[in-house]
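Per-entry structural report
Residues per chain are reported as follows:
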Amino acid sequence: MGDFVHGPLDERHDFGGVHVNSGIPNKAFYLVATAFGGNSWEKAGQIWWKAIRSGQVSPRCSFLQFADITVDFAKQIFGDDAAITVRQAWNDVGVRGDK
């Protein structure tokens, strides 16, 4: 998050950094998937998919709001340890500041 780009909301400037900044949640997903091991769709993919399809992710959803949603789904689907893993990934990319 330290390199988050705030830009103009127009086509010439990536609509405020939407593509430039997509690497932040992508890295969180990568960290979760590698922490769980196995195929990425087995756990991390299930968490992200259910979060996105839940109706809780609005068009104006912040990274922090999305992080919280994924942590909640990790807990619902795979339990407390999975939620800790997901929370740590979001901490590692600078979205959350939890310990």
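For the structure, check the block above.
Below is a short write-up of the structure.

Criteria and cut-off values
- Residues numbered from 1 in each chain as written.
- Predicted model: local features only at pLDDT ≥ 70, side-chain atom pairs only at ≥ 80, totals over all residues.
- Heavy atoms only, no water.
- Core = buried A, V, L, I, M, F, W, Y, C linked by side-chain atoms within 4.5 Å.
- Buried < 20%, exposed > 50% of the residue type's maximum accessible area, 1.4 Å probe, protein only.
- Helix = DSSP H or I, 4+ residues; strand = E, 2+ residues; numbered from the N terminus.
- Contact = heavy atoms within 4.5 Å.
- Expected span 1.5 Å × (residues − 1).
- Phe/Tyr/Trp six-rings, centres within 6.5 Å; stacked < 30°, edge-to-face > 60°.
- Polar contact = N/O pair within 3.5 Å; in protein donor to acceptor, adjacent residues only side chain to side chain.

A word on the nonpolar core
Among the nonpolar cores identified, the biggest contains 22 residues, and Trp-48, Val-86 and Trp-90 are the most heavily contacted of them. Breaking this core down by element, the ones donating at least two residues are helix H2 (23-36), helix H3 (44-53), helix H4 (63-78) and helix H5 (80-92). No other element matches the six residues that H4 contributes to this core. Leave out the neighbours within four places in its chain, and Trp-48 touches Pro-25, Ala-28, Phe-29, Val-32, Phe-66, Thr-70, Val-86 and Trp-90.

Thoughts on H4
Here H4 contains 16 residues, and its C-alpha end-to-end distance of 22 Å stays within 8% of the 22 Å for a straight helix at 1.5 Å per residue. Three or more residues of H4 are buried, namely Phe-66, Ala-67, Ile-69, Thr-70, Val-71, Phe-73 and Ala-74. Those residues of H4 that are buried are in contact with H3 and H5. Trailing H4 by a residue or two, Gly-79 shows a phi angle of about 100°, which is positive.

Some remarks on the packing of aromatic side chains
By the definition in use, this model includes five aromatic pairs. Aromatic pair Trp-48 and Trp-90: ring centres 5.9 Å apart, planes at 10°, arrangement stacked. Here Trp-48, found in helix H3, pairs with Trp-90, found in helix H5; they are 42 residues apart in sequence, far enough to count as distant. A relative accessible area of 9% means that Trp-48 is categorised as buried. Trp-90 gets classed as buried once you look at its relative accessible area, which sits at 0%.

A closer look at the environment of Ser-54
You can see Ser-54 is positioned in the loop between H3 and H4. In this structure, Ser-54 is in contact with Ile-69 and Phe-73, ignoring residues within four places of it in sequence. Engagement of the side chain of Ser-54 in a polar contact is seen with the backbone nitrogen of Gln-56, the distance being 3.1 Å.

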